[in-house]
Amino acid sequence: MGGASGEGGRVGVSLKAEQQVEDPRDLTEELLRGFKEDDGVEVTRKVLMAISQQDLAERLTKTTGSERRRALQDLLSKLKIDQHRSTKLGLRDLQEINTGSSKDWTPQALGDLPWHFLRKVMALNGMTRNTSLGHGELDDEAVSEEEEEELYIEDDFFSLNDTCTTDSLHPLDVLCAVLLCSDSFLQQEILSKMSMCQFALPLLLPALDTPRCTLLLWAMRDIVRKWRPHSLAESRGFREESLVLRSMPTISFVRLGSCSFSKSQLLNEVLSPSQQYHDFFIHRDMESGNVPREIADGLVEISWYFPAGRENLDLFPEPIAVTNLRGDIESHWLQFSFLTEISSAVFIVTESISERQYALLSSLQGSAAQYYFILSSQAEQCSETLGFLNKLAPVLKLNKLNVLEKSNSTNETEFVENLQRTIRSITNSSNKRVNMEALAAAARELGVLVDEDLEECQSGRKWAREITMNMRDVTNCKAEMLKLQGELWNTVTKVEKELCRMKEQGTVPPEDYKMQLKEKLSELRAQQNNCELNDGLIKFINGLEQLTAVEKHHFLKWLKYSLDHIAKDEHSRLQVQYNALAGDPQKLEELGELISAGSLEVKHFLRELGQLYEAEHAMVKEGKIADCQRQFTPLPGIAADLMLEGFPMELIDGDVSNIPLQWVTDVLTELHTKLGGRSKMVVLSVLGGQSTGKSTLLNTMFGLQFAVSSGRCTRGAFMSLIKVAENFQQELGCDFILVIDTEGLKAPELAKLEDSYQHDNELATLVIGFSDITIVNMTTENATEMKDVLQIMVHAFLRIKEIRQKPQCLFVHQNVSDVSAHGQNMRDRKHLLEQLDEMTKAAARMENLHKEVTFSDIMDYDPEIHDWYLPSLWHGVPPMAPVNLEYSESVGELKKHLFQLLRIHSDEILPKNIPQFTEWVKSLWNALKHENFCFSFRNPFATEAYNQLSAKFSELQWEFQKNMHLWLSEQETIIQNQAPDELESEVFAQLSQGTQQKLQHEEDKIFECLEKYIKDGASSTHMLEIKEDFIRSTRSTTSTFHHYSHQQLERAKNNRKRHCKYYNSEAEFRKIIEQEVDKLLEDCRSREHKLNNEELEREFQAMWREVLSESMLFSSMKRPIFQEMQSLLEEDLEIRGRLMHQEAQSLLHYSMSSFTMKKEYLDLAWSEILKEVFTNESWRKAEELATSLMHQCSAYIGEKANSKGDYNKIYCGELLCMINERLRQEDVSKLRTSGCFEVDLKLHILGEAASVFQEIHDSSLKETDPWQSLKELKLQYFSILKDLYLDKEQSHKRARDFCDQCLKPALVDYMNKRLGIAMADDILRSGQSTDYASRGFFQFTTQKKLLEENDFYNYVSYIEDYEGFVKNWIQIHLVDHYSENEGLEDLEGEILSTVIERVRGALENSEDKSNTVSAFIDNFCQVLQKDLVISKDSLVGIRFINSINTGKFSAFIQTFLSDLEQQILAEFKHLEIEFKLSLLSVKPRDEIFKRVFGCGKQCPFCKVPCEAVGTDHKEHFASVHRPQGLGSYRCSETYILCYDLCSSAVVANATFQCPETQWESHPFKDYRIIFPDWCIQPDPSINTSDYWKFVFKEFNQEFAERYDAEPADLPGDWEKITKEQALESLEEAFRMK
Ligand SMILES: Nc1nc2c(ncn2[C@@H]2O[C@H](COP(=O)(O)OP(=O)(O)OP(=O)(O)O)[C@@H](O)[C@H]2O)c(=O)[nH]1
Ligand SMILES: [Mg+2]
Ligand SMILES: [Zn+2]
Ligand SMILES: [Zn+2]
């Protein structure tokens, strides 16, 4: 039978036809019947082969195979995983977070076992292999607790016996089943984790699904082991090597026949370190270890021993491998043959040897392995066995030492020690060392399958090999293949940061320096872009693009293995040096650099892709290459796919401390698309000292694959996306969890670099800023280090808190072994809190926050919730230590706790989706590049929330204003309907009290709505923070309105009184006439004969002449307006303590155009005069002030001129009020203008006004020509007289008169009162309103329009007179809108029809109550007193009104109403829109203006208007600042316009001088000391101010002329800015894209 084992391996392959030989066949069938599968299939097969019955041998394989398959199928269905036999489980399936993730559960049924195994193994749990089934769990929610408990006890009682272990399955069966159902990557993961737990790994899987058994090589590829060989004990160096590549002696243990003791247990004892027994192998005394195996027989397991470098403690001086065959060798001859091939020694454990067994063993003759027999107790007595052994001795070269006896009386320990000694001597004497790759080769020889031979795996390997083929060392590879990320990327980073920090600016002006840096940046990007693509990199990209997902996955793994292999040697050499140098800081630093330079990983390749993409993107953006020439657009998609497949993606490049922003953004955006736009995620991160097990923690917790290794630590930050199961999303409030793993803080190799604190700080700030929850990982071993790490954390928290993000954090204390740690540390914790407070204060100082902060201000810290203790990862001394069970359990608890925390804080944690996240990353990173982080940060969500809230607020505010206007107009109407003397009484007081109440009510309403809106809003946290500004703003509006309404009511009252005075005289006059007419009528009636028409007229004429001569009641007097105003001015100046100077002349001599600045207008201190000589600053400011005031006043004057009506004394008062108000403002009072400036200014303004007002008065007199109106009156009275005399029916006529003379003017008046409000309402609430929605939006719209027109004078008026510009803009818009739009007629129609409806109602109401017409009219007016001001006295012939029939009168009015309505509408339609606007009492322009103008403050440097909401806020700010020259800033010596930008200046090395600094130089960085209420932030991107740069360069010359200065020497690159870029920057700045 010699050589049978060799042939046996190949037998299955060569069988084809079914040749049947009669006799032997029958014979063998007999034989087959006699054999049970386990005992003799393999033997039988060998016999068949030996007698050349290959087809029968094949049939045998088939039948037995089918039995195995049946067994497998049975098992899989028991385990309920048969569906995964074809569609394999992957790692991603396990990572998914579902309801089970946060629960602890014991398997209840067989179907739970695979999941239990997988979940536990992923969590590195030592109980993974436990397959016993639990009973109904206590926390089963379905049944109420008490009931359940009772049930439970009974249950338990009965089940005591029948839950015998046979209910369960053998752990190895479960393992085999799970492996069969896993894809090759999950297999890797399972084996890696098992290896960490120091479980034996499956080496040969029994043939279940496959015809032959399978060697697991690929599945072990990921495992890296670390140990210290005795040769390195001195130097404290260590070896770290891939397990499969390490050659070592292999010792195999097999069983022949049955055996009374457990081979596996024996092995465990052999391998266990002294004093610490560990179950490497499952043995029969373990839980479920005695359940019969269903499929796992024939499994070969392997385990290793690695030395720790301590000679007297290490069991073996070098690594060895130990294999263990499950089952009898007779039934697993193939596996056994394999083991004999590869082992240095084979230990055969047996009780007895039979004839047949002897024959089999003899066939091993010539084998290279040494054989040992371990005989269990019974064997001793069996002479047969000894006899066979004796016979075997020469065949297998056995001597006495090769037979070990283990009887019941043998001392266990001694025996084990003896065995260990034997093994040591074997490894010493034999030099057979094989690695796993060699094992695989041997296996293939025997026809054993190897998992790595899969096609996908091999093709992946081929791709990888082609890349690494020509790679010799790391440095070389980096220089040739990865050119973009080396020096170039490093320099790019430095320049990008310098652009923000401007540290080496020196004396170069900021903008020039920026330009230089920008050019450099663009050049660097060009260089990167021009780098030729190396073959290897092309291959890499092609691989990612072309391979299938599985191949790609394999490819990347292979690449990793090859790279690790290449980098390994270099690394361990350096590491040894590093350790040896531990004392020399200088060298250490260099070495540290070298170590990081010496690493080469797949991430470097991916990083290179990022850089390729970034460079190309930059080129496209600068217009250097066309969009269509881009090659790398598919890359982000590829990277997104990788993320989806579970690869951690680099977020922060730790080597250079930079984020490739465009790349990261585009990758994540692709990801968002691939996720179908559903990407709401909670971000979780970990931070802590170096090598404190952060990556390990995350991997254990979530089954992730972050790089773990003590040698090459994590640099920067990596992110991995985990899906949350559909049915769990609701509960967790997110679709994904984004986990961020970070580089350790306080890395010793970086410690000596001067900016290491900054580096760590940046990282911590970013990571905490990104995250919703941060785990702070601390080891308690090193107190100083822990303190340093804490300091960094606290600082980062402080910063994040400052930018209005509330960080959630969990302190995890690692390596706490004591169970009572939590309690014991109570005392320490108080101390810790004190320390934390101290640190917080220090951090606040570093951030220049001038306030007291304590730790509790920056974080809600509750030790019960925020502290967590983890025991040490290892149970014992590595490398032989398994993972601590407590560690795994605590991590599980921690995970549960995390989810709990998520739920508790669900109202504060607002999961962002990917676009929001990238936006957030961008803002944080941008702010971090600046020195002053807190200050530079622009919170995109706060901005968004602010804009949203502003829009809502504007709406509410308009509602408020509208209601108040309507209210006031009603009150005014009531006042106008009162008798003048009543106005002095309580009525007026009541009205004004009512108005206050109304105001309060409206304010409350706003607050209420705001509150509700904020509460319901999505981003409520941000809104809460900014609410304050809105409340202030509302208060300020209220107080404005308070003032305004008071004024309005007063004015209405005064008007009413004045009106009465004038009107009384006319009414008086009419009364006289009407008396006379009455007299005449009586007279005529009393005459005998009837007068004819002519006679009647003659009589009337006579009477008229008589009356008129008697009473020239209102021959008008022309008022001298000049004089009136002059006296008012004098009165005003007297009050303000100013003296009219001697040479002042009558107002007649002044006009605005004649105003010029004079020296005496400035009242400078001596020290300031000198500066003024150079800068003219104050002079210019005073002049500007005068100009703007005159603008304002002339607008007012113009308005009054346009409105109909006579001059009113109030006009002059208002003008003075306007001027005084402006002069009272802060900036003016700082200007130091003199008294005569004020006097002259007022003289000039009032002078101009006086001449206009005089004209108004004169022309209004002309219009109300008394003679003219008398003539009309005369005609009317004559007609009345005639009608009365002739007794004609008058009701028709008089009704018409009433309509024309009373109702119509009242209706028109109503219209003018209401139309303005309606128009403003229409504009602000219609589609137009977006333009006015927020201040920012308005700025955007106007600036965009300006750019479209690109007209110098438009820009000038925008810059110089923003207020005027805005008003004008709105006016033009209004006029345009309503002259081409029918909308206005609708508005008018609506207003009129509502009031006419009311008139109709009033008519009906008044009719029946009154029997005379005058009572009827009184009644009617009373009803309408809130709506219409009907002056019934203006009805001619009121005295005779009662002679007509009330019913008829009223009926006629009814019929006239619709005519009247049409008539009024027609008249309105014919009015010019401008004229119409001037008639309105509430001007829509002013209302809209109020909305968009805000506080009206301008940047003290560049004059950009403030954009903050409302008129009253804590800080003024603007999105974009302008080059200061546009605000006429110039160099005081050369007069050359200055082109600095405030937003750059505040971070640069520049100074400014101005009156506010008393002309002293003041550093820009500290501008807030001078202008505390302004907040000027650095630009969010380098292109932000392109808009104004464009304007400046377009009109440099013009601006210079305009400002009496020299043109600026603009930096060269401004010239290149195009109109398109300008627009783009505008859209970006106002976030309109
Ligand atoms: N003794 C001990 N070793 C641990 C513990 N936790 C992790 N390790 C080991 O420490 C080494 C570093 O673990 P990592 O998880 O990579 O640590 P890290 O904090 O991510 O390290 P960096 O990313 O380099 O800062 C690994 O070899 C771990 O096995 C622990 O609690 N005790
Ligand atoms: Mg790490
Ligand atoms: Zn500015
Ligand atoms: Zn402001």
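Up top is the structure.
If you're wondering where the values come from, they're calculated on a predicted model, not measured in any experiment. (Residues numbered from 1 in each chain as written. Chains lettered and ligands numbered in written order. Predicted model: local features only at pLDDT ≥ 70, side-chain atom pairs only at ≥ 80, totals over all residues. Heavy atoms only, no water.)

A. Just the overall build of the protein, in detail. Broken down by element type, the protein carries 64 helices and 20 strands. Scored against the burial criterion, the 1633 residues of the protein give a buried share of 55%. Residue pairs at least 24 apart in sequence account for 78% of intrachain contacts in the protein once pairs closer than 6 positions are excluded. Accessible surface computed for the protein: about 71700 Å², of which carbon and sulfur atoms make up 49%. (Helix = DSSP H or I, 4+ residues; strand = E, 2+ residues; numbered from the N terminus. Buried < 20%, exposed > 50% of the residue type's maximum accessible area, 1.4 Å probe, protein only. Contact = heavy atoms within 4.5 Å. Areas by Shrake-Rupley, 256 points an atom, 1.4 Å probe, with all protein chains shown as cover.)

B. Expanded view of the coordination of the zinc ion (ligand 4). At this site the zinc ion (ligand 4) is bound by Cys1495 (SG), Cys1506 (SG), His1513 (NE2) and His1516 (ND1), with donor distances of 2.0 to 2.2 Å. Angles of 104 to 120° at the metal separate the 4 donor atoms of the zinc ion (ligand 4), which places the site in the tetrahedral class. On the primary sequence, the residues serving as donors to the zinc ion (ligand 4) are separated as C-x10-C-x6-H-x2-H. Here His1513 lies in the loop between α59 (1484–1493) and α60 (1542–1545) and Cys1495 lies in the loop between α59 and α60, a separation of 18 residues in the sequence. Just as Cys1495 is buried, His1513 falls in that class too. (Donors = N, O, S within 2.8 Å, 3.2 Å for Na, K, Ca; no water. Tetrahedral: all angles 85-135°; square planar, octahedral: opposite > 155°, others 65-115°.)

C. The arrangement of the nonpolar core in detail. Counting residues in hydrophobic clusters, the biggest one holds 154 residues, and the most contacted among them are Phe338 and Phe347. Element by element, the count of residues in this core is highest for helix α8 (residues 171–180), at 8 residues. Residues contacting Phe347, with those up to four places away along its chain left out, are Ile251, Ser252, Phe253, Val254, Tyr372, Ile374, Leu404, Leu419, Thr422, Ile423 and Ile426. Leu687, Leu745, Met839 and Leu928 belong to the second-largest nonpolar core, a separate cluster that totals 103 residues. (Core = buried A, V, L, I, M, F, W, Y, C linked by side-chain atoms within 4.5 Å.)

D. Structural view of the sheet that holds strand β8 (residues 345–350). Read across the sheet, 9 strands follow the order β10-β9-β8-β5-β7-β6-β1-β2-β11 without closing on themselves; strand pairing throughout is mixed. Only two strands of the sheet have a single partner each, and these edge strands are β10 (403–406) and β11 (449–450). Pairing analysis gives 6 bridges linking β8 to strand β9 (residues 370–376), with the strands arranged parallel. Across the sheet, the residue bridging to Val346 is Tyr371, located in β9. Along the sheet, α8 makes contact with β1 (201–205), β6 (300–305) and β7 (320–328), crossing β1 at roughly 70°. (Pairing = 2+ DSSP bridges. Axes fitted to C-alpha atoms, helices over the stretch in contact; angles between N-to-C directions.)

E. Here's a closer look at unusual backbone geometry. Here the bond from Pro878 into Pro879 is cis, since omega is 5°, no more than 30 degrees from zero. Inspection of the secondary structure puts Pro879 in the loop between β18 (867–869) and α35 (885–904). Notably, Lys397 is not glycine yet its phi reads approximately 50°, a positive angle. One non-glycine residue, Ser1528, adopts positive backbone phi at about 70°. Its place among the elements puts Ser1528 in the loop between α59 and α60.

F. How the structure looks around the packing of helix α30 (residues 756–770) against helix α31 (residues 783–802). At a closest axis distance of 8 Å, the pairing of α30 and α31 adopts a crossing angle of 50°. Here α31 runs oblique to α30, going by the angle between their axes. Crossing of α30 over α31 shows right-handed handedness. Together, Tyr757, Asp760, Asn761, Ala764, Thr765, Ile768 and Gly769 of α30 and Gln791, Ile792, Met793, His795, Ala796, Phe797, Arg799 and Ile800 of α31 make up the contact between the two elements. Residues belonging to the contact of α30 with α31 are distributed by class as follows: 8 nonpolar, 5 polar and 2 charged. (Parallel < 35°, antiparallel > 145°, perpendicular 65-115°, else oblique. Left-handed = near helix turned anticlockwise from the far one by under 90°. Nonpolar A, V, L, I, M, F, W, Y, C, P; charged D, E, K, R; others polar.)

None of this, on its own, says anything about what the molecule does.
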